[in-house]
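So you can see what is in the structure, the chains are spelled out below.
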Amino acid sequence: MFPIEFFLPLPIFNNSNKLVFMKNAFWIILLIVLAASCSPDKKTYVINGVIPDDAYYNHWVYLFDYNQNEPLDSALVTEGKFSFTGLPDTTKVVRLDLDRKLFANVVREAGTIEVDLSNYVNIGGTPLNEALKMYLTGLNDIYASASEAYEKISEEYKNDEATLFERLKEYQNVALLNYNTLNTEHFDAHKKNAIGSYIFNSWTHTLSPEKVDSLYADLGDPQKNDLSVRRIMETNEKKKRTMIGKPFTDFTIESGNIDGTMASFSDYIGKGKYVLVDFWASWCGPCLAENPVIADVYGKHKGDKFEVLGVAVWDERNATLEAIQTHGIVWPQIIDAQSIPTEIYGISGIPHIMLFGPDGTILARDLRGDALKAKVAEVLK
């Protein structure tokens, strides 16, 4: 209960009534604090979501931080709706996931965020989520246009393989230009907030190490301290140490040979031959799709000047051996390498195919398809 003095008018301040004034001020401050403690926190975020149909009623939606393996929170779908509430420690992009079938990325920021999981671009309600929606809608338009163009070109030139690949390559360049333009526009507008770091994380795998350094320099300090951004910069440093023109870096795998004996990268690299190295895994569809290209190059050029080496990463030994047998892979292999070579060479995705010179110098990285064939033919001339 408040003392009677609290309800009396405050006296004019002078030395004689200083004690009474201070006593009244104390209770005013206390009341303000108490009132504030009963009010909603303005920093609270609320995520209100809906789902497209009743097939997902009573299922759980999980909230994931991209820097953690475990979900931050979960919410039960009730009559087609779900909701999350919390106090964000930082403003960042998080992922909503329902049965690994429906998802959306949202900026976890103060305010009420609206999400419709029928389409991952259906987000909004707060300033950064409205901005993220604009970016994701632009991406969606690029993907849709590319899919439509690929289908049309494939049908038009299905009986002319040479022209088909040429036209697809032309459109790929157009799509990549549109992708880079969109990313540049939105990154420049949001490089000091969570959308900037989100774009940085998804864009940089297509860029040169120098461009990655340039984008990083433009990020705000909170974005630079994001764990995903720091990991990308660590990988970028490894790429710079193993970029074109640099000497190869050796590694040894204890049971790297198919017979279980030790194998080193230097058993093949720097031995006087050009060596095409394919970093791959048995579960990787694009890796297996590249096998016919590698097989063609191997069949044409293997000999005293040229060799192919497969390096199986991120895979189980038995699965690798089965894939070698099933897919008729006949070139030499180092298996069971896990993440040892990918850490050294800054490889964040596979297949990653590199070409090494006779002395072990790195001549090319990230070769695929016709570009791979052309590069091998070029150096062997």
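A short tour of the structure in this document, coming up. (Residues numbered from 1 in each chain as written. Predicted model: local features only at pLDDT ≥ 70, side-chain atom pairs only at ≥ 80, totals over all residues. Heavy atoms only, no water.)

## Overview of the overall build of the protein
For the protein, the count of helices and strands is 12 helices and 15 strands. Partitioning the contacts of the protein with sequence separation of at least 6, the portion at a separation of at least 24 is 59%. (Helix = DSSP H or I, 4+ residues; strand = E, 2+ residues; numbered from the N terminus. Contact = heavy atoms within 4.5 Å.)

## Points about the environment of Asn122
Note that Asn122 resides in the loop between strand E7 (111-116) and strand E8 (123-124). Under the relative-accessibility criterion, Asn122 is labelled partly exposed at 27%. For the pair formed by Asn122 and Lys133, sequence separation is 11 residues and the distance between their alpha carbons is 7.0 Å. (Buried < 20%, exposed > 50% of the residue type's maximum accessible area, 1.4 Å probe, protein only.)

## Some thoughts on the state of the cysteines
As enumerated under the stated definition, the model contains one disulfide in all. A sulfur-sulfur distance of 2.4 Å marks the disulfide that ties Cys284 to Cys287. Taking the sign of the S-S torsion, about 80 degrees here, the bridge from Cys284 to Cys287 comes out right-handed. Using a relative accessible area of 4% as the deciding quantity, one classes Cys284 as buried. (Disulfide = S-S within 2.5 Å.)

## A closer look at the sheet that holds strand E5 (residues 92-98)
Spatially, four strands are ordered E3-E2-E5-E6 in an open sheet, and the strand pairing comes out antiparallel. Every interior strand has two partners, whereas the edge strands, strand E3 (73-76) and strand E6 (102-108), have only one. Each adjacent strand pair in this sheet contributes to an overall mean axis angle of 25 degrees, direction not counted. Bridge analysis of strand E2 (residues 60-65) against E3 gives four bridges, and the strand direction is antiparallel. In the sheet register, Leu63 faces E3, and the bridge partner there is Asp73. (Pairing = 2+ DSSP bridges. Axes fitted to C-alpha atoms, helices over the stretch in contact; angles between N-to-C directions.)

## Concerning the nonpolar core
Counting 46 residues, the largest nonpolar core has Ile47, Phe82, Leu96, Val115 and Phe200 as the members making the most contacts within it. For this core, the element with the most residues is helix H2 (residues 127-156), which contributes seven residues. Contacts of Ile47, omitting those with residues within four sequence positions, involve Leu63, Phe82, Ser83, Phe84, Leu96, Val106, Ile113 and Val115. Ranked by size, the runner-up nonpolar core spans 43 residues in total, among them Phe251, Tyr298, Val313 and Val376. (Core = buried A, V, L, I, M, F, W, Y, C linked by side-chain atoms within 4.5 Å.)

## Let's talk about the pattern of salt bridges
Scanning all chains against the criterion turns up 14 salt bridges. For the salt bridge of Glu343 with Lys238, the shortest nitrogen-to-oxygen distance reads 2.5 Å. With Glu343 in helix H11 (residues 340-345) and Lys238 in helix H7 (residues 227-241), this pair connects stretches of sequence that are 105 residues apart. You can call Lys238 buried: its relative accessible area is 18%. When the shortest N-O distance is used, the salt bridge between Lys300 and Asp296 registers 3.5 Å. (Salt bridge = Lys/Arg side-chain N within 4 Å of Asp/Glu carboxyl O.)

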